[in-house]
Amino acid sequence: MHDDRLLNYLHLHVIVFIWGFTAVLGALISIDSIPLVWWRMFLAVLLIFMYMKIMRIPLQWSGPQALSRKRILGFVGAGIVIALHWVTFFGAIKASNVSVTLAMISTGAFFTAILEPLFTPKKFVGYELVFGIIIIGALYYIFQIETEYVMGMVLGLISALLSATFSIINVKWAKEHPPSTISFYELASGVAFISIYFLIFPSQFVSPLELSAPDWLWIAILASFCTAYAFIASVKVMRVLSAYTVMLTINLEPVYGIFLAFFILGDVEKMTQEFYVGAAVILAVIIANGLLKTHQNRRKKKQLQPVDL
């Protein structure tokens, strides 16, 4: 069991590293964020569907294990949320750069701490409110320094809020349904949602012939490794690892992403010293929050263990 947890923990780091690379791909792909997300989700749905057919994983559309209408509607709602998250995420990259976007995305754990007590039995924690004030102060500091990237920062914060919402919605389902089934319905719902947008604004759709060869290459990598594989794998590791471990590890995504962006994209990603100070404060607070949660969770488990008399 210990080895199983270790393998899943290492697997989670690989997934988070891939997510960090996703931001770099968003900068490399030339098309706008909305058609980019549509192509990402559309190709990922096809790949997941083929995987389910090969592995004989049922869609649970009918039969004795059929999903309830309420659950399918839940998947649809989650799919729309993740689609909007990716649209604002890539929109933030297009409006600023990878470093700014990932610094904003790192606030997702803070939004989770605020939203969880509103939608789950979890209670507000005093130190999380203190951490929240520190994060707001760091964000204000960055906003004052990097004025040319304000739009990217706003989109990044919206994306972080949507990511936190999606995580809260999805965490329970991960233990009740096959990861590929959840991924298929959610991503397919996102494709349908953006397709409706293109019916209203057809001029914004990018056809296959309009995509350049490099765009096709980056989108293929984005849809396969960074979406189909990473989406299913992330849901799978949630079954074994605690929510605290998952959250703490995901906080490393900005670190991986900023490093990869600087290494691959070069001078485009160079920021002021003040930006890195503000980003470091945000990351330090988020990681400290995760460590405190993990420590408290272990203490609670020890208290619940029976005492030999």
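Before reading on, note that the structure itself is shown above.
J.: Explanation requested: the overall build of the chain in the structure shown.
T.: Of regular secondary structure, the chain possesses twelve helices and zero strands. The buried share among the 309 residues of the chain stands at 48%. Expressed as a percentage of contacts within the chain between residues at least 6 apart in sequence, the contacts between residues at least 24 apart total 87%. Looking at the chain as shown, the accessible area adds up to about 16,000 Å², and 69% of this sits on carbon and sulfur atoms.

J.: I keep staring at helix α5 (residues 108-119) and nothing clicks. Help me out?
T.: Within an α-helix, residues lying three or four positions from one another point in the same direction, as the helix has 3.6 residues per turn. When the terminal C-alpha atoms of α5 are compared, their 16 Å separation across twelve residues agrees well with the 16 Å that a helix rising 1.5 Å per residue should span. Every buried residue of α5 is listed here: Gly-108, Ala-109, Phe-110, Phe-111, Thr-112, Ala-113, Leu-115 and Pro-117.

J.: Got a minute to help me understand the side chain of Thr-101 in this structure?
T.: Position of Thr-101 relative to the elements: it lies in helix α4 (residues 98-105). For Thr-101, the side chain forms a polar contact with the main-chain nitrogen of Ile-93, separated by 3.2 Å. A distance of 2.9 Å separates a polar side-chain atom of Thr-101 from the backbone oxygen of Asn-97. Not counting chain neighbours up to four residues away, the residues in contact with Thr-101 comprise Phe-89, Ala-92, Ile-93 and Ser-96.

J.: Explain the nonpolar core to me, please; I cannot follow it from the model alone.
T.: Counting residues in each nonpolar core, the largest one holds 88 residues, and the members touching the most others are Ile-31, Trp-39, Met-41, Trp-86, Phe-90, Leu-187 and Ile-194. When sequence neighbours within four positions are dropped, the list of residues in contact with Ile-194 reads Ile-34, Val-37, Trp-38, Met-41, Ala-83 and Val-87.

J.: For this particular structure, what's the right way to read the side chain of Thr-181?
T.: Among the structural elements, Thr-181 can be located in helix α8 (residues 179-200). In contact with Thr-181, not counting residues within four places along its chain, are Met-52, Ile-57, Pro-58, Leu-59, Gln-60 and Leu-67.

J.: Would you explain the packing of aromatic side chains in this entry?
T.: Aromatic ring pairs: the centre-centre distance and the angle between the two ring planes describe each pair. Here the structure, examined in full by the defined rule, presents 16 aromatic pairs. A centroid spacing of 5.2 Å and a plane angle of 75° characterise the contact between Phe-198 and Phe-205, whose relative ring orientation is edge-to-face. Taken together, Trp-38, Trp-39, Phe-42, Tyr-197, Phe-198, Phe-201, Phe-205 and Trp-216 form an aromatic cluster joined through their ring pairs. Positioned above the aromatic ring of Trp-86 is the side chain of Arg-40, whose terminal nitrogen or guanidinium carbon lies 3.8 Å from the ring centre.

J.: I'm lost on helix α7 (residues 150-173) in this one. Help?
T.: End to end, α7 covers 36 Å across 24 residues, agreeing with the expected 34 Å (1.5 Å per residue, within 8%). Every buried residue of α7 is listed here: Gly-152, Met-153, Gly-156, Leu-157, Ser-159, Ala-160, Leu-162, Ala-164, Phe-166, Ile-168, Asn-170 and Trp-173. Check the buried side of α7 and you find it contacts α3 (69-95), α4, α5, α6 (126-145), α8 and α9 (213-237).

J.: Can you help me understand a nonpolar patch on the surface in this one?
T.: Together, Leu-46, Leu-47, Phe-49, Met-50, Tyr-51, Ile-54 and Met-55 give the surface a local cluster of nonpolar side chains, amounting to about 670 Å² of exposed area. Structurally, Leu-46 can be placed in helix α2 (residues 33-54).

J.: What am I meant to see in the packing of α3 against α8 here?
T.: Helix-helix packing is characterised by the crossing angle of the two axes and by the distance between the axes. Between α3 and α8, the least distance of the axes is 7 Å, while the angle of their chain directions is 65°. As α3 packs across α8, the resulting crossing turns out to be right-handed. Where α3 abuts α8, its residues Phe-75, Val-76, Ala-78, Gly-79, Ile-80, Ala-83, Leu-84, Trp-86 and Val-87 lie against Ile-182, Tyr-185, Glu-186, Leu-187, Ser-189, Gly-190, Phe-193 and Ile-194. Tallied by class, residues from the contact of α3 with α8 come to 13 nonpolar, three polar and one charged.

J.: Mind showing me how you'd approach the environment of Ala-160 here?
T.: Of note, Ala-160 is situated in helix α7. On a C-alpha basis, the gap between Ala-160 and Phe-110 in space is 9.1 Å, while along the polypeptide they are 50 residues apart. Setting aside residues up to four positions removed in sequence, Ala-160 forms contacts with Met-104, Ile-105, Thr-107, Gly-108 and Phe-111.

J.: Please explain the environment of Ile-72 as it appears in this structure.
T.: Here Ile-72 lies in helix α3. Residue class for Ile-72 comes out buried when judged on its relative accessible area of 17%. Setting aside residues no more than four positions away along its own chain, Ile-72 makes contact with Trp-61 and Leu-67.

Calculation criteria
- Residues numbered from 1 in each chain as written.
- Predicted model: local features only at pLDDT ≥ 70, side-chain atom pairs only at ≥ 80, totals over all residues.
- Heavy atoms only, no water.
- Helix = DSSP H or I, 4+ residues; strand = E, 2+ residues; numbered from the N terminus.
- Buried < 20%, exposed > 50% of the residue type's maximum accessible area, 1.4 Å probe, protein only.
- Contact = heavy atoms within 4.5 Å.
- Areas by Shrake-Rupley, 256 points an atom, 1.4 Å probe, with all protein chains shown as cover.
- Expected span 1.5 Å × (residues − 1).
- Polar contact = N/O pair within 3.5 Å; in protein donor to acceptor, adjacent residues only side chain to side chain.
- Core = buried A, V, L, I, M, F, W, Y, C linked by side-chain atoms within 4.5 Å.
- Phe/Tyr/Trp six-rings, centres within 6.5 Å; stacked < 30°, edge-to-face > 60°.
- Lys NZ or Arg CZ within 6 Å of the ring centre and 35° of its normal.
- Patch = residues over 30% accessible without salt bridge, like charges linked within 9 Å, V, L, I, M, F, W, Y side chains within 5 Å.
- Salt bridge = Lys/Arg side-chain N within 4 Å of Asp/Glu carboxyl O.
- Axes fitted to C-alpha atoms, helices over the stretch in contact; angles between N-to-C directions.
- Left-handed = near helix turned anticlockwise from the far one by under 90°.
- Nonpolar A, V, L, I, M, F, W, Y, C, P; charged D, E, K, R; others polar.

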